[in-house]
Amino acid sequence: MIFSLIFFIANWFIGKSLIQLFNIELKIISNVFAVVLGTVLSTLVIFLAALFFGLNILTIIIAIFLLILCSILILKKKGIDLDFYELSIKKNKIEILFFTTIFIFLVIFFTNSIFQDKNTITAGNRLVWTDWPIHIAITSSFSKGNNFPPQNPQYANQLITYPFFSDFLSAILQTLGSSLKISLVLPAIILTFSSISILYYLGRLITNHSKIALLGVTIGIFWGGIGFLYFFGDILQSAHPLQ
C-alpha cells in the first residue's frame with residue numbers, strides 16, 4: 001500500500017506543475033484538483049507505455065520518473081508554489097465539518113464494500129455484488145493477463161468499449177504491490193472525495209455562496225431524491241452495520 005500512496009503523492013506533484021504551467025487559479029481546491037489532474041495524466045502515460053512494453057513495475061517507474069522530471073523543469077521555469085491554501089477554521093467550520101464527515105463516511109463505506117481472503121471475494125453491498133465483478137475482471141486482465149491492446153475479458157477477440165481507465169488505475173496499484181481490495185478502495189476514496197470537493201468549488205463559483213454550494217453537493221450526493229433513506233434503513237436493520 002505504501003507504494004500506492006507514493007504513487008498518488010507523485011500524481012499530486014505532477015498535477016501541481018500542470019496547474020502552475022497553465023496558471024490555473026483554484027485556491028481552496030488546488031491540491032485536490034492536482035491529485036485528479038496528475039492521476040489522469042500519469043494513468044494515460046503509463047497506459048501508452050504499457051501498449052508497447054507491457055504493464056510492469058519498470059514501466060510504471062520510468063513513466064512516473066519522466067513525468068516528475070518534466071514537472072520539476074516546469075516548476076523551475078514557472079516558479080515553485082506548493083503552499084497549501086490557508087483555511088480559516090472559524091469562518092469555514094461548517095464546510096470543514098461537512099467534508100470531514102464525507103471523508104469519514106467514504107472511508108467506512110468503501111473499506112466495507114469488499115472483503116477478500118485466500119479463496120473468496122465477498123461483496124459488502126448489493127451495488128458491489130452487481131457492478132464490481134466486471135471491474136475486477138478488467139483490472140485483473142491488465143495486471144495478470146497483459147491485456148494489450150485491451151480486449152473485453154468476457155468476449156473473446158472483442159475490444160473493450162466500456163470506459164476502463166479506472167480499472168487500469170487499479171491494475172497499476174496492483175502491479176505496485178497493492179492487494180485487490182486496496183487497488184479498488186484507495187482510488188475510490190481519493191477520487192470520490194476529490195469529485196465532491198470539485199463539485200462544491202463549482203457551486204461556489206456559480207453562486208458565490210458556500211452554503212448554497214454545500215446544498216447543491218448534498219443534493220448531488222443523494223442523486224436528487226430520497227432513495228438514500230433505504231440505505232440508512234438497511235444500516236439500522238443490520239446486526240453489524242459497520243461490517
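Definitions and cut-offs
Residues numbered from 1 in each chain as written. Predicted model: local features only at pLDDT ≥ 70, side-chain atom pairs only at ≥ 80, totals over all residues. Heavy atoms only, no water. Axes fitted to C-alpha atoms, helices over the stretch in contact; angles between N-to-C directions. Helix = DSSP H or I, 4+ residues; strand = E, 2+ residues; numbered from the N terminus. Parallel < 35°, antiparallel > 145°, perpendicular 65-115°, else oblique. Left-handed = near helix turned anticlockwise from the far one by under 90°. Contact = heavy atoms within 4.5 Å. Nonpolar A, V, L, I, M, F, W, Y, C, P; charged D, E, K, R; others polar. Expected span 1.5 Å × (residues − 1). Bend = angle between axes of the 7 residues up to and from the residue. Buried < 20%, exposed > 50% of the residue type's maximum accessible area, 1.4 Å probe, protein only. pLDDT = per-residue confidence, 0-100. Phe/Tyr/Trp six-rings, centres within 6.5 Å; stacked < 30°, edge-to-face > 60°.

**Focus: the packing of helix H2 (residues 30–53) against helix H7 (residues 180–207)**
Here comes step 1: It is the contact of H2 with H7, at a shortest axis distance of 9 Å, that shows an interaxial angle of 130 degrees. Taken together, the axes of H2 and H7 are oblique relative to one another. Relative to H7, the crossing made by H2 is left-handed. Only Ile 190, Leu 191, Ser 194, Ser 197 and Ile 198 of H7 make contact with H2, whose side of the interface consists of Val 32, Phe 33, Val 35 and Val 36.
Here comes step 2: Of the residues assigned to the contact of H2 with H7, the class counts are seven nonpolar, two polar and no charged.

**Let's talk about helix H5 (residues 126–143)**
Here comes step 1: Here H5 spans 26 Å end to end across 18 residues, near enough to the 26 Å set by a 1.5 Å rise per residue.
Here comes step 2: Where H5 bends most, at Trp 132, the angle is about 45 degrees, and the proline Pro 133 comes one to four residues later.
Here comes step 3: All of the buried residues in H5 are Val 128, Trp 132, His 135, Ile 136, Ile 138, Thr 139, Ser 141 and Phe 142.
Here comes step 4: Buried residues along H5 sit against helix H4 (93–111), strand E1 (114–116), strand E2 (121–123), helix H6 (165–175) and H7.

**Regarding H7**
Here comes step 1: Its 28 residues place the ends of H7 41 Å apart at the C-alpha level, agreeing with the 40 Å of an ideal helix rising 1.5 Å per residue.
Here comes step 2: Once H7 finishes, Asn 208 follows within two positions and takes phi at roughly 60 degrees, a positive value.

**Some words on the confidence of the model for the chain**
Here comes step 1: The predicted model of the chain averages 88 in pLDDT, with 91% of residues at 70 or higher.
Here comes step 2: For the chain, helix H9 (residues 228–237) is the element with the lowest average pLDDT, namely 73, and H6 is the one with the highest, namely 97.

**Concerning the side chain of Gln 174**
Here comes step 1: Relative to the helices and strands, Gln 174 is located in helix H6.
Here comes step 2: Contact partners of Gln 174, with chain neighbours within four places excluded, come to Thr 139, Ser 143, Lys 144, Ser 179, Leu 180 and Ser 183.

**Details of the packing of aromatic side chains**
Here comes step 1: Throughout the structure, instances matching the rule amount to 18 aromatic pairs.
Here comes step 2: Relative to Phe 164, the ring of Phe 47 has its centre 5.6 Å away and its plane inclined at 50 degrees; by these criteria the two rings are tilted. Here Phe 47, found in helix H2, pairs with Phe 164, found in the loop between H5 and H6; they are 117 residues apart in sequence, far enough to count as distant.
Here comes step 3: Residue classification places Phe 164 among the buried residues on the basis of a relative accessible area of 13%.
Here comes step 4: Seen in terms of ring centroids, Phe 142 and Phe 164 are 5.6 Å apart; in terms of plane orientation they differ by 40 degrees. Their pairing is tilted. Note that Phe 142 is positioned in helix H5 and Phe 164 in the loop between H5 and H6, a separation of 22 residues in sequence.
Here comes step 5: Among the aromatic residues, ring-to-ring pairing joins Phe 47, Phe 142, Phe 148, Phe 164, Phe 165 and Phe 168 into one connected group.

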